[in-house]
Amino acid sequence: MPLVPVFDGHNDVLLRLWLKPGGDAAADFLNGDGKGHLDLPRMKAGGFAGGFFAIFAPAESEVLPDDDDVNPPLAGQISQPNALRKTLEMASLLFRIEAASAGRFKVCRTAAEIRACLAQGVTAAVFHIEGAEAIDEKFKVLDVLYESGLRSLGPVWSRPNVFGNGVPFRFPSTGNTGDGLTEAGRDLIRYCNERRILIDLSHLNEKGFWDAAKLSTAPLVATHSNAHAISASSRNLNDDQIKAVHDSGGVIGLNFATGFLREDGRWRSDTPLDIMLRHLDHLLRIAGEDCVALGSDFDGAKIPSAIGDAAGLPNLIAAMREKQYGEALVAKIAQGNWLNVLERTWG
Ligand code: ZN
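Residues numbered from 1 in each chain as written. Predicted model: local features only at pLDDT ≥ 70, side-chain atom pairs only at ≥ 80, totals over all residues. Heavy atoms only, no water.

**A short note on the pattern of salt bridges**
Two side chains bearing opposite charge may form a pair once their charged atoms approach each other closely. Using the following cut-off: Salt bridges are defined as contacts in which a side-chain nitrogen from Lys or Arg sits within 4 Å of a carboxyl oxygen from Asp or Glu. Runs of E in the DSSP output that reach at least two residues are strands. Runs of H or I that reach at least four are helices, and both are numbered from the N terminus. When accessible area is computed with a 1.4 Å probe and restricted to protein chains, residues below 20% of their type maximum are described as buried, those above 50% as exposed, and intermediate ones as partly exposed.
Applying the stated rule across the entire model yields 23 salt bridges. We note a salt bridge from Asp309 to Arg42, for which the minimum N-O separation is 3.2 Å. Placement of Asp309 in the loop between β9 (292–294) and α12 (313–322) and of Arg42 in helix α3 (residues 40–46) is noted, with a sequence separation of 267 residues between them. Overall, the relative accessible area of 18% leaves Asp309 in the buried class. Here Arg186 ties to Glu183 by a salt bridge, and the two come within 3.5 Å at their closest N and O atoms. Here Arg186 pairs with Glu183, and both are found in helix α7 (residues 183–195), just three residues apart, close to one helical turn. Salt bridges here are not isolated pairs; linked through shared partners, they connect Arg16, Lys20, Asp28, Asp33, Asp39, Arg42, Asp299 and Asp309.

**With respect to the side chain of Thr271**
Our working definition: Each polar contact in these results corresponds to two N or O atoms within 3.5 Å; when the atoms are within protein, one needs to be able to donate a hydrogen and the other to accept it, and residues that are neighboring in sequence are counted only if both atoms are side-chain atoms. Contacts: residue pairs with any heavy atoms within 4.5 Å of one another.
Of note, Thr271 is situated in the loop between α10 (258–261) and α11 (274–287). Accessibility expressed as a relative area gives 3% for Thr271, which makes it buried. Here Arg268 takes part through its backbone oxygen, which lies 2.6 Å from a polar atom of the side chain of Thr271. With residues up to four places along the chain from it excluded, the contact list for Thr271 reads Thr258, Arg262 and Pro304.

**Overview of the nonpolar core**
Spelled out, the test is: What is meant by a nonpolar core is a set of buried Ala, Val, Leu, Ile, Met, Phe, Trp, Tyr and Cys residues, joined one to another through side-chain atoms within 4.5 Å.
One finds Phe29, Phe53, Phe256, Met276 and Met320 to be the most contacted residues of the largest nonpolar core, which totals 95 residues. Every residue in contact with Phe256, bar those within four places of it in the chain, is listed here: Leu261, Met276, Leu294, Gly295, Ser296, Phe298, Lys302, Ile303, Pro304, Ile307, Leu313 and Leu316.

**Describing the side chain of Thr345**
Within the secondary structure layout, Thr345 lies in helix α13 (residues 327–346). Sequence-distant contacts of Thr345, that is, excluding residues within four places in its chain, are made with Arg196, Leu198 and Pro219.

**Structural notes on the pairing of strand β4 (residues 123–130)**
Going by this rule: We call two strands paired when DSSP finds no fewer than two bridges between them. Call a crossover right-handed when, viewed with both strands pointing away from you, the route from the first strand across the helix to the second goes clockwise.
Counting buried positions along β4 gives eight out of eight residues, so the element sits mostly inside the fold. Examined bridge by bridge, strand β2 (residues 48–55) and β4 share six bridges and lie parallel to one another. By the bridge assignment, Ile55 is partnered in β4 with Ile129. Relative to β4, strand β3 (residues 105–107) runs parallel, the two sharing three bridges. Across the sheet, residue Val107 finds its bridge partner in β4, namely Ala125. Between the parallel pair β3 and β4, the chain is carried across by helix α5 (residues 111–120), and the sense of this crossover is right-handed.

Following this line, the structure appears as structure tokens:
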């Protein structure tokens, strides 16, 4: 059977490549370095046709959450100038990959461009910023980022910034994780609505989610989050939030991160694929067939070894078929729902 093309809601390969000491990060990606979860050869092998490429600026002495700690310390803060420098460096890397790819990889600014890439076998990338620390409260730099291709933005990552409170990683979580968006955060939602930049709600805490939901005129999107009813992580969505995404015509991308999948919140690569299908079933039951997609978190989290890396995506597709998901539904989850919501968000 031919590979099902997958358009994916979240990966951190740019951070992985940016953190690599020395060498040619663009060549490593295009030729395949076999590290982490993503590089072009493995993406091709698994049907990874495109997705959101996140840019995340780590703090100076970032202690990225220890995979085995379900309640890690809050992430470090970062100043705006520092975050902007790191963001521009990773964005440059994204464009260097495009330039060196000889037409195999394209940074897309419209849904039509993504559709054309998928039809031609060109890998489609969406320039996404995870946590808006690089952006000042007066939005003095945001237009440059937009003009260079930024089409998706998460106002906060899992640390507070001038725009609001990101949800700290907590398990189990009752959902009560502090204040939501600040006045600047509300301005940012309005700005993104105006420019038709997609607003990613995945890392907002619950109050911030509802602040954004009330204000935003765009479909509500959580690029990489799961069902709180199954895994009580602070990063997951409760049923009311899932309903709100549905009512807005939005999308939720299933996160492959084991700590957001498992009932015990542990980070374990020996997590069976079955739990991913349980999340999909739950999301489908509450939000319906048009609102559920994938948001792997490749290169950003410990994922089930049954997928392993991008080359293992067909194992997830096979698991959906075993669960009697029809081909039309598989295609919606794998890429159709993302394409559809991007079209409606970006115009
Ligand atoms: Zn994330």
